[in-house]
Amino acid sequence: SQKIEQNSEALNIQEGKTATLTCNYTNYSPAYLQWYRQDPGRGPVFLLLIRENEKEKRKERLKVTFDTTLKQSLFHITASQPADSATYLCALDPHGSSNTGKLIFGQGTTLQVKP
Amino acid sequence: DTAVSQTPKYLVTQMGNDKSIKCEQNLGHDTMYWYKQDSKKFLKIMFSYNNKELIINETVPNRFSPKSPDKAHLNLHINSLELGDSAVYFCASSQITQVSSYEQYFGPGTRLTVT
């Protein structure tokens, strides 16, 4: 069956450390994978998109990797701050190269950064 | 300057009633979506319209009917509400004709509570 799973429901780290979140998928061949941030009571906010032919993407303190062999994406936040505390969602296009924009979301990982 | 707006933000109603949620985007995007986020925070796509044409119609009860009067608006009408319909409903938009990126912009959500 097709699945997209994110590691653990909650991740607690100390301020200044690097947070690493995992997204694994099975029986999908996505052309791209996206990461979103969701704060309580708000809609998800787009952070990064990485394509199947890209190994790594960076944006400020954020870094995303995409390994299509392992069927895994890693999301890193370096020098984490309490303001980074939120739920992070990964999403992929289930059909690969489809132009419908359809996304399948993981269940999210809640990150708590402690001062 | 809200990019994607939804009304109402909260909706409390009784079983059996009919209700509508409205969504508007001012980003000039060609595609709009409805998602349902349940109590376990899973975000699932329900419908998608591209230039007023239905392109994604997931397995959703017939009691849910989307309507897109123009490409900037996508409304969701729900008939005969049931307890299980209680969730947060998010509207989103994207520009899927742009090859460079398929990120989605989400509204603030409508929390529907059926009693």
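What counts and how
Residues numbered from 1 in each chain as written. Chains lettered and ligands numbered in written order. Predicted model: local features only at pLDDT ≥ 70, side-chain atom pairs only at ≥ 80, totals over all residues. Heavy atoms only, no water. Patch = residues over 30% accessible without salt bridge, like charges linked within 9 Å, V, L, I, M, F, W, Y side chains within 5 Å. Areas by Shrake-Rupley, 256 points an atom, 1.4 Å probe, with all protein chains shown as cover. Salt bridge = Lys/Arg side-chain N within 4 Å of Asp/Glu carboxyl O. Lys, Arg positive; Asp, Glu negative; His and termini not counted. Charge placed at Lys NZ, Arg CZ, Asp CG, Glu CD. Helix = DSSP H or I, 4+ residues; strand = E, 2+ residues; numbered from the N terminus. Buried < 20%, exposed > 50% of the residue type's maximum accessible area, 1.4 Å probe, protein only. Disulfide = S-S within 2.5 Å.

1. Quick notes on a positive patch on the surface
Argument step 1. A cluster of like positive charges, contributed by R42 of chain A together with K9, K41 and R111 of chain B, occupies part of the molecular surface.
Argument step 2. As for its placement among the helices and strands, R111 of chain B is situated in strand β11 (residues 110-114).
Argument step 3. With relative accessibility at 42%, the residue R111 of chain B sits in the partly exposed group.

2. Focus on the state of the cysteines
Argument step 1. In total, this model carries two disulfides over all chains according to the counting rule given.
Argument step 2. With a sulfur-sulfur separation of 2.0 Å, C23 of chain A is cross-linked through a disulfide to C90 of chain A. Taking the sign of the torsion about the S-S bond as the criterion, the disulfide between C23 of chain A and C90 of chain A, at about 65°, is right-handed. Remark: C90 of chain A occurs in strand β9 (residues 86-92) and C23 of chain A occurs in strand β3 (residues 19-26); sequence separation between them is 67 residues.
Argument step 3. The disulfide bridge from C23 of chain B ends at C91 of chain B, spanning 1.9 Å between sulfur atoms. Where C23 of chain B bonds to C91 of chain B through sulfur, the torsion about that S-S bond is close to -75°, and the disulfide is left-handed. You can see C23 of chain B sitting in strand β3 (residues 19-25) and its partner C91 of chain B sitting in strand β9 (residues 87-94), a full 68 residues away along the chain. The pair C23 of chain B / C91 of chain B is uniform in exposure class, with both members buried.

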